[in-house]
Amino acid sequence: MKEYWTALASLMGAFAFLQGVLHAVFPAELRAAVARLLGRLTRGLSPYCYFDVTEMDGMSTNEIYDAVQLYLSSTAAPASGARLSLSRPLNASSFTFGLAASDRVSDSFAGAAVTWEHVVAPRQGQGFSWRPLPEEKRRFTLRIRRGDRDKLLPAYLDHILAAAAEIRRRSKDRLLYTNARGGAMDARGLPWDPVPFKHPSTFDTLAMDPARKAAIMADLRDFAGGSAFYERTGRAWKRGYLLYGPPGTGKSSMIAAMANFLGYDVYDLELTEVGSNAELRKLLMKTTSKSIIVIEDIDCSVDLTNRAKPAAAAPAPRPRPGIDGGIEQDGGAGAAARSITLSGLLNFTDGLWSCCGAERIFVFTTNHVEKLDPALLRSGRMDMHIFMSYCTFPALRILLKNYLGIQSDGELDGGAEEAVLRGLEEWVDAAEITPADVSEVLIKNRRSGKAEAMRELLGVLKDRAAGKRRGGAAVAETGKEAGGENEEEEEEKRALESPKEGKETAGIDSCGDGHDEVTEAKKQV
């Protein structure tokens with residue numbers, strides 16, 4: 001054993017002596033040149049290509065580095081056995097993973113395999129700078145095969161940038177905007193006030209027939225992924241949805257479900273706060289892409305049915321915030337110009353200014369679709385009309401699952417609950433009850449148990465159906481009485497008009513006899 005350690009010490013001493021001789025004979029510049037030459041020979045014989053994506057591009061941050069970090073954190077990194085670093089950015093709703101120093105991860109694109117390596121090295125001492133650089137130099141090294149270079153570049157990098165943008169958008173908290181100040185700007189030059197959007201409604205919890213929900217989701221999915229389609233057909237990348245139906249049928253919940261499904265921000269446009277078409281156009285220009293612009297109860301917001309109608313009396317002048325933030329006084333000749341017209345709203349949804357931004361959805365809601373101008377409802381402005389009807393039995397099953405946890409018929413206890421469920425199916429259409437009313441009944445009775453809550457709901461449905469029948473009979477009886485009274489009034493009118501007609505006829509005859517007598521006398525003379 002002693003001889004082994006002695007031989008190892010002699011070998012290490014020989015290596016140290018040779019290293020000292022090499023450093024003394026060959027200068028550092030020559031050694032660096034030889035190393036570069038060997039590296040070139042090695043890379044020339046290697047079947048791979050290497051690309052470095054540095055963190056800093058001069059004094060600015062490299063956008064591709066951040067995109068690669070986000071992309072690898074959500075796709076390749078969690079699926080591999082690499083060592084990851086965990087972080088959560090500010091105002092983010094999810095965690096992100098990153099590669100540790102000198103770790104590798106594999107990925108594939110278009111059938112080609114790639115390898116990413118995260119390299120971290122200490123930065124050499126730097127002089128004085130107004131913007132200090134990070135203490136460490138970080139970069140990602142991409143290794144691909146030479147034969148796959150034309151297939152991967154630049155398509156693979158474009159895929160990474162698009163995926164990173166989508167990850168960044170989905171991890172960010174969604175916002176709900178409102179135009180509380182009309183068209184006035186805030187300190188940042190924006191006319192919209194944002195608040196966090198935390199509405200929990202989804203298509204899974206929305207009380208609607210599953211077939212109709214599937215059709216709406218498919219349409220939204222096609223719209224979100226239709227960038228190439230809209231560009232090829234020459235259409236603006238936007239779509240309009242009209243939600244109409246009785247109050248309480250879930251129009252606002254539908255909007256929230258659409259926003260959560262697509263991950264879009266929501267702009268709640270209050271038309272009564274907008275003073276002119278110019279301000280409406282400015283609000284549209286300040287909206288972002290991947291957003292939903294909502295106008296609720298559009299038939300009640302402003303008077304848009306102004307075609308071929310006499311002008312109403314001008315309202316009293318009122319102070320209002322202007323576009324530049326000042327206070328303006330409406331009135332006089334300028335009051336007519338400072339109002340939203342139907343033409344302005346049509347241009348807002350389908351004019352030239354509506355294409356100033358991509359991937360935007362317009363949603364109008366109304367309780368009375370017959371009050372809206374037909375020009376507002378045509379294709380290109382409101383592309384899809386969605387009728388929010390009264391609660392049907394498939395929608396009722398969704399509400400029972402949401403509030404009572406009844407997933408299927410097998411979870412019912414005994415034949416009594418099954419009989420109640422069949423009664424609900426029989427009476428729900430005749431009751432014409434809204435999902436909001438059904439939800440309120442289930443909320444009040446959710447602590448009483450499934451059976452009691454279902455029986456209470458069945459009683460409510462029967463009472464409403466009976467009330468509907470009594471109301472229909474009363475209306476029919478009222479119509480008959482009104483019809484009888486109208487017939488009596490018509491007979492009285494005819495009786496009063498008949499003597500007048502007789503007198504007029506007699507007068508005409510007497511005039512005719514007198515004329516004949518005069519003619520006969522003239523003949524005799």
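Reading the values: rules and limits
- Residues numbered from 1 in each chain as written.
- Predicted model: local features only at pLDDT ≥ 70, side-chain atom pairs only at ≥ 80, totals over all residues.
- Heavy atoms only, no water.
- UniProt positions renumbered as here; feature names shortened; annotations may be inferred.
- 1 Å grid on protein atoms, 1.4 Å probe; cavity = no way out; pocket = protein on both sides within 12 Å on 5 of 7 lines; lining within 4 Å.
- Points joined across faces, edges and corners; volume = space filled by probe spheres on them.
- Pairing = 2+ DSSP bridges.
- Helix = DSSP H or I, 4+ residues; strand = E, 2+ residues; numbered from the N terminus.
- Axes fitted to C-alpha atoms, helices over the stretch in contact; angles between N-to-C directions.
- Parallel < 35°, antiparallel > 145°, perpendicular 65-115°, else oblique.
- Contact = heavy atoms within 4.5 Å.
- Nonpolar A, V, L, I, M, F, W, Y, C, P; charged D, E, K, R; others polar.
- Core = buried A, V, L, I, M, F, W, Y, C linked by side-chain atoms within 4.5 Å.
- Buried < 20%, exposed > 50% of the residue type's maximum accessible area, 1.4 Å probe, protein only.
- Phe/Tyr/Trp six-rings, centres within 6.5 Å; stacked < 30°, edge-to-face > 60°.
- Salt bridge = Lys/Arg side-chain N within 4 Å of Asp/Glu carboxyl O.
- Lys, Arg positive; Asp, Glu negative; His and termini not counted.
- Left-handed = near helix turned anticlockwise from the far one by under 90°.

In the annotation of an unreviewed UniProt entry, the protein chain is listed under the name AAA+ ATPase domain-containing protein and assigned to Urochloa decumbens. Quoted verbatim from the Catalytic activity (unreviewed entry) field of UniProt, the annotation for the protein chain is "ATP + H2O = ADP + phosphate + H(+)".

K.L.:
So what's going on with empty space enclosed by the protein? Which residues, and what values?
P.N.:
By the definition in use, this model includes two cavities of 30 Å³ or more. Its boundaries defined by the atoms lining it, the largest cavity holds a volume of some 90 Å³. Forming the walls of the largest cavity are 13 residues, and the residues nearest its centre are A207, M208, R212, S389 and Y390.

K.L.:
So, the sheet that holds strand β11 (residues 238–244): which residues are in play, and what are the values?
P.N.:
Within the open sheet, the seven strands sit side by side as β10-β9-β12-β13-β16-β11-β17. Their pairing is mixed. At either end of the open sheet lies a strand with only one pairing partner, and these are β10 (193–196) and β17 (384–387). If you compare each strand with its neighbour and ignore which way they point, the axes differ by 20° on average.

K.L.:
Could you give me a rundown of the packing of helix α3 (residues 63–74) against helix α6 (residues 155–171), with the residues and numbers involved?
P.N.:
α6 packs onto α3 with a crossing angle of 75° between their chain directions and a minimal axis gap of 8 Å. Considered as vectors, α3 and α6 are oriented roughly perpendicular to each other. Of α6, the residues touching α3 (which contributes I64, A67, V68, L70, Y71 and S74) are Y156, H159, I160, L161, A163, A164, I167 and R168. For the contact of α3 with α6, the per-class residue count stands at 11 nonpolar, two polar and one charged.

K.L.:
Break down the nonpolar core for me, citing the residues and quoting the values.
P.N.:
Where a protein is soluble and globular, its nonpolar side chains tend to be buried together. Among the nonpolar cores identified, the biggest contains 27 residues, and M254, M258, I361 and V363 are the most heavily contacted of them. Of all the secondary-structure elements, those providing two or more residues to this core are α7 (210–224), β11, α9 (251–262), β13 (291–295), β16 (360–366) and β17.

K.L.:
Go over the packing of aromatic side chains with me, naming the residues and quoting the values.
P.N.:
Tallying each qualifying case throughout the model produces 15 aromatic pairs. Here the aromatic rings of Y177 and Y267 are separated by 4.3 Å at their centres, their planes lie at 10°, and the arrangement is stacked. Taken together, the residues Y177 in strand β9 (residues 175–178) and Y267 in strand β12 (residues 265–268) connect sequence positions 90 residues apart. The burial state of Y177 is the same as that of Y267; both residues are buried. Residues F223 and W237 carry aromatic rings whose centres are separated by 6.2 Å and whose planes lie at 55° to one another, so their mutual orientation is tilted. Taken together, the residues span a long stretch of sequence, with F223 in helix α7 and W237 in the loop between α8 (227–233) and β11 at a distance of 14 residues. Each member of the pair, F223 together with W237, is buried.

K.L.:
Report on the pattern of salt bridges, specifying residues and quantitative values.
P.N.:
This structure, assessed with the given rule, holds 14 salt bridges. Here R138 makes a salt bridge to E136, at a shortest N to O gap of 3.1 Å. Exposure remark for E136: the relative accessible area of 34% places this residue in the partly exposed category. Close ionic contact of R169 with E166 constitutes a salt bridge, the shortest N to O distance being 2.4 Å. Within this pair, R169 and its partner E166 are both found in helix α6, separated by three residues, close to a single helical turn.

K.L.:
Residues and numbers for the pairing of β13, please.
P.N.:
Burial analysis of β13 places five of its five residues in the buried class, the great majority of the element. Inspection of the sheet shows β13 paired to β16 by five bridges, in the parallel sense. Counted as the bridge partner of V294 is V363 from β16.

K.L.:
Explain the side chain of D299 residue by residue, including any values.
P.N.:
Tracing the sequence through the fold places D299 in helix α11 (residues 298–301). Buried and unpaired, D299 has no salt bridge, with K371 as the nearest side chain of opposite charge at 4.7 Å.

K.L.:
Residue-level account of unusual backbone geometry, with values.
P.N.:
The omega angle of the peptide bond from L153 to P154 is 5°, so this bond is cis rather than trans. Note that P154 resides in the loop between α5 (149–152) and α6. Look at D297: it is not a glycine, yet its phi comes out positive at around 50°. Residue placement: D297 occurs in the loop between β13 and α11.

K.L.:
Would you mind going over the environment of L424 in detail, with residue names and values included?
P.N.:
Position of L424 relative to the elements: it lies in helix α16 (residues 414–431). By relative accessible area, L424 is classed as buried at 0%. For the pair L424 and L457, spaced 33 residues apart in the sequence, the C-alpha separation amounts to 7.9 Å. Setting aside residues up to four positions removed in sequence, L424 forms contacts with F393, L396, L400, M454, L457, L458 and L461.

K.L.:
Residue-level account of the sheet that holds strand β1 (residues 48–54), with values.
P.N.:
Pairing within the open sheet is antiparallel, and its four strands lie in the order β1-β8-β7-β6. Each edge of the open sheet carries a strand with a single partner, namely β1 and β6 (103–109). Each strand of the sheet is rotated relative to its neighbour by a mean of 25°, with strand direction disregarded. Inspection of the sheet shows strand β7 (residues 112–122) paired to strand β8 (residues 136–145) by eight bridges, in the antiparallel sense. Along β8, the bridge assignment pairs V120 with R138. Its contacts with the sheet put α6 on β6, β7 and β8, and the angle it makes with β6 is roughly 105°.

K.L.:
I'd like a rundown of the packing of helix α10 (residues 277–285) against helix α13 (residues 342–350), residues and numbers included.
P.N.:
If you want to describe how two helices pack, look at the angle between their axes and the distance between the axes. As a packed pair, α10 and α13 sit with axes 10 Å apart at the nearest point and diverge in direction by 15°. Classified by the angle their axes make, α10 and α13 are roughly parallel. Viewed along their axes, α10 and α13 form a crossing whose handedness is right-handed. Here N277, L280 and L284 of α10 lie close against α13, whose contacting residues are G344, L345 and F348. Among the residues making up the contact of α10 with α13, the classes are represented as four nonpolar, two polar and no charged.

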